[in-house]
Amino acid sequence: MASLTAHPSQALAGRLQVPGDKSISHRALMLGALAVGQTRITGLLEGEDVLNTATAMRALGAEVTRQEDGVWQVWGRGVGGLREPEDVLDFGNSGTGARLAMGLVAGQPLNAVFTGDASLRRRPMARIMRPLEEMGVRFMAREGGRLPLTVSGPETLRPITYRLPVASAQVKSAILLTGIAAPGKTTVIEPEPTRDHSERILSHFGAEIEVSDRDDGRHVILTGQPELTAAPVNIPADPSSAAFPLVAALLLPGSEITLPAVGMNPLRTGLLTTLREMGADLVEENTRQEAGEPVADLRIRAGRLQAVTVPAARTPSMIDEYPILAIAAACAEGVTHLEGLAELRVKESDRLAAMARGLQACGVKVEEEQDSLTIHGAGGPPPGGGTIEADLDHRIAMSFLVMGLCAQHPVTVDDAGPINTSFPGFTEAMRALGADLRPSDSA
Ligand code: S3P
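**Observations regarding the overall build of the chain**
Assigned secondary structure in the chain consists of twelve helices and 24 strands. Against the compact-globule benchmark of 22 Å for 443 residues, the chain has a radius of gyration of 21 Å, which places it among compact chains. By principal-axis analysis of the C-alpha atoms, the chain measures approximately 60 × 45 × 45 Å. Within the chain, buried positions represent 61% of all 443 residues. Of the contacts made within the chain by residues no fewer than 6 positions apart, 76% connect residues no fewer than 24 positions apart. Carbon and sulfur atoms make up 48% of the accessible area of the chain, which amounts to about 15600 Å² in all. The averaged location of the 54 negative side-chain charges in the chain is 1 Å from the averaged location of its 40 positive side-chain charges.

In structure tokens form, the structure reads like this:
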């Protein structure tokens, strides 16, 4: 385990190209594997999560090659053309990789065994199994619907209409990916809309997908058995990764940084909305579209932040950003309330508990409830000084390193390794902006 210490830092300055969007990278490889022809992907995230998906797509028969940094090519097998993998598919730390790939393979009469690391093996899979079983797919899983599990796709799938019991883009996407192979229309009803990258990339590859907002929620309707045709995908920078330098620059007085080509999908921008409510100076420039996704360059200037109440309705649009928002709240003036956080308990770690524990270790007063968190802001640098257990969670690790840059005393993260799942080169990129990050033994 490589521990890392963040020391109180001076102003950040410069331009940082944040790596590609993780959600879109997984989907580009998977759709590429199902499409007919050659898909060229630029800006692919070369983090461990996505590399595991690339390996899995190869095991399913797709030809996946890396041309140069971020530029990849996928020769797809066509809908129904995947082959049974010879060995277990290991998705490492990635819930998205595992859950979406279950949907992908469930559409074919083959058996595939899924596993992952200690974090992924404790995460719930029953949320995927239930709807897919309604479609005729069979699973054999460990107690409580945990990995490792086996997926057996049927000869013929039943298209279904399924109302999501939890707001989850992964569940929606798994159903849609299975629905590709089903005859007729598969419908997912979302009480709260979640990220729509699957819908966008499916229509980019030629599937017929209709989205309508009705009284009971958003209806996403996919017409099954489409011909998917390879299409180029240019992946924007991941707004969830951009969040770390962005918040660090807001909190370190005198900072000014630019983050080019960040994904601005409106179902991902809840953090920006919240930070603006707190008084943040965030400017979007050069707004444009890339492969069906909105993108902008972000310019960030430091400034004082005020506490805020974040309503539960905003949770899906910033589900991965609560750990870093908690750091901003700890430095803001006043008491911040975060509501509707139950899903954070089943992420790479129990993030709600990890946030509360970490903030306390850094001298910040917090109250943790079953699905909410109250953070008493210091109105400037909080004490810091804690040692944080990352517990195989990249976002907890990066968030508390940002805390250490902005606090009065250094903060140590016991294991910075998980950062490679989503933000390879994080330490070097942050140092280039002026962040004081050092291996802990030289602290
Ligand atoms: C993701 C969906 C979200 C998010 C995850 C990526 C996706 O998970 O937390 O990091 O790419 O579909 P849930 O669907 O479990 O909310």
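**Here we look at the site of the ligand**
If you check the shell around the ligand, you find Ser23, Arg27, Thr96, Ala167, Ser168, Ala169, Gln170, Arg195, Ile319, Asp320 and Lys347 and nothing else. In this structure, an oxygen atom belonging to the ligand sits 2.9 Å away from a main-chain N or O atom of glutamine 170. At a separation of 2.7 Å, an oxygen atom of the ligand approaches a polar side-chain atom of aspartate 320. With the chains in place, 95% of the 390 Å² that the ligand exposes on its own is no longer accessible. Listed by contribution, the elements that provide at least two residues to the shell around the ligand are helix H1 (22-34) and helix H5 (169-179). Taken together, the residues that form the shell around the ligand break down as three nonpolar, four polar and four charged.

**Structural notes on the pattern of salt bridges**
Using the criterion set out here, one finds 30 salt bridges in the structure. Close ionic contact of lysine 172 with glutamate 190 constitutes a salt bridge, the shortest N to O distance being 3.3 Å. On the criterion of sequence distance, the pair formed by lysine 172 in helix H5 and glutamate 190 in strand S11 (residues 185-190) is long-range, its members being 18 residues apart. Judged by its relative accessible area of 0%, lysine 172 falls in the buried class. Between arginine 276 and glutamate 284 there is a salt bridge, with the nearest N and O atoms lying 3.0 Å from each other. One network of salt bridges, with partners in common, ties together Arg123, Arg195, Asp320, Glu348, Arg351, Asp393 and Arg395.

**Details of the domain arrangement of the chain**
As far as domains go, the chain holds domain 1 (4-19 + 236-442) and domain 2 (22-234). Here domain 1 and domain 2 have C-alpha centroids that lie 29 Å from each other. Each partner contributes to the interface: domain 1 provides 29 residues, whereas domain 2 provides 30 residues. Summing the contributions of domain 1 and of domain 2, the shared interface buries around 2500 Å²; its carbon and sulfur component is 48%. Here domain 1 is connected to domain 2 by four salt bridges. Of the charged contacts, one joins arginine 195 and aspartate 320 as a salt bridge, the two residues approaching to 3.4 Å between their closest N and O atoms. Summed over the shared surface of domain 1 and domain 2, the result is 15 residue pairs in polar contact (both at pLDDT 80 or more). Sorting the residues of the side of domain 1 that touches domain 2 by element identifies strand S17 (293-301) and helix H11 (394-406) as the ones contributing at least two each. Of the residues assigned to the side of domain 1 that touches domain 2, the class counts are twelve nonpolar, seven polar and ten charged.

**Some remarks on the confidence of the model for the chain**
In this model, the chain carries a mean pLDDT of 97, and residues with pLDDT of at least 70 account for 100%. The element-level mean pLDDT for the chain is lowest in strand S16 (residues 281-290), coming to 95, with helix H7 (residues 239-251) highest at 99.

**Topic: the sheet that holds strand S15 (residues 256-263)**
Pairing between the strands of a sheet comes from backbone hydrogen bonds, and it takes one of two forms, parallel or antiparallel. Overall, mixed pairing links the four strands, which are arranged S2-S15-S17-S16 in an open sheet. The open sheet has two edge strands with one neighbour each: strand S2 (13-15) and S16. Neighbour to neighbour, the strand axes of the sheet diverge by 20 degrees on average, direction disregarded. Judged from the eight bridges that link them, S16 and S17 form a sheet pairing that is antiparallel. Residue arginine 288 lies in a different strand from S17, and its bridge partner there is valine 295. Where H7 meets the sheet, its contacts fall on S15, S16 and S17, and the angle it forms with S15 comes to roughly 165 degrees.

**Here's the deal with the packing of aromatic side chains**
Counted under the stated rule, the structure contains three aromatic pairs. An angle of 15 degrees between the planes, with centres 5.4 Å apart, marks the rings of phenylalanine 91 and phenylalanine 114 as stacked. Separated by 23 residues along the polypeptide, phenylalanine 91 in the loop between strand S6 (89-90) and helix H3 (95-106) and phenylalanine 114 in strand S7 (residues 111-115) bring together distant segments of the chain. Note on phenylalanine 423 and phenylalanine 426: the rings are 5.2 Å apart at their centroids and 75 degrees apart in plane angle, and the pair reads as edge-to-face. Side by side, phenylalanine 423 and phenylalanine 426 carry an identical accessibility label, which is buried. Counting every residue linked through ring pairs, the aromatic cluster contains Phe244, Phe423 and Phe426.

The rules behind these values
Residues numbered from 1 in each chain as written. Predicted model: local features only at pLDDT ≥ 70, side-chain atom pairs only at ≥ 80, totals over all residues. Heavy atoms only, no water. Helix = DSSP H or I, 4+ residues; strand = E, 2+ residues; numbered from the N terminus. Rg over C-alpha atoms; globule rule 2.2 N^0.38 Å. Buried < 20%, exposed > 50% of the residue type's maximum accessible area, 1.4 Å probe, protein only. Contact = heavy atoms within 4.5 Å. Areas by Shrake-Rupley, 256 points an atom, 1.4 Å probe, with all protein chains shown as cover. Lys, Arg positive; Asp, Glu negative; His and termini not counted. Charge placed at Lys NZ, Arg CZ, Asp CG, Glu CD. Near = heavy atom within 4 Å. Polar contact = N/O pair within 3.5 Å; in protein donor to acceptor, adjacent residues only side chain to side chain. Nonpolar A, V, L, I, M, F, W, Y, C, P; charged D, E, K, R; others polar. Salt bridge = Lys/Arg side-chain N within 4 Å of Asp/Glu carboxyl O. Domains from an automatic or database assignment. Buried area = accessible area lost by both parts, 1.4 Å probe. pLDDT = per-residue confidence, 0-100. Pairing = 2+ DSSP bridges. Axes fitted to C-alpha atoms, helices over the stretch in contact; angles between N-to-C directions. Phe/Tyr/Trp six-rings, centres within 6.5 Å; stacked < 30°, edge-to-face > 60°.

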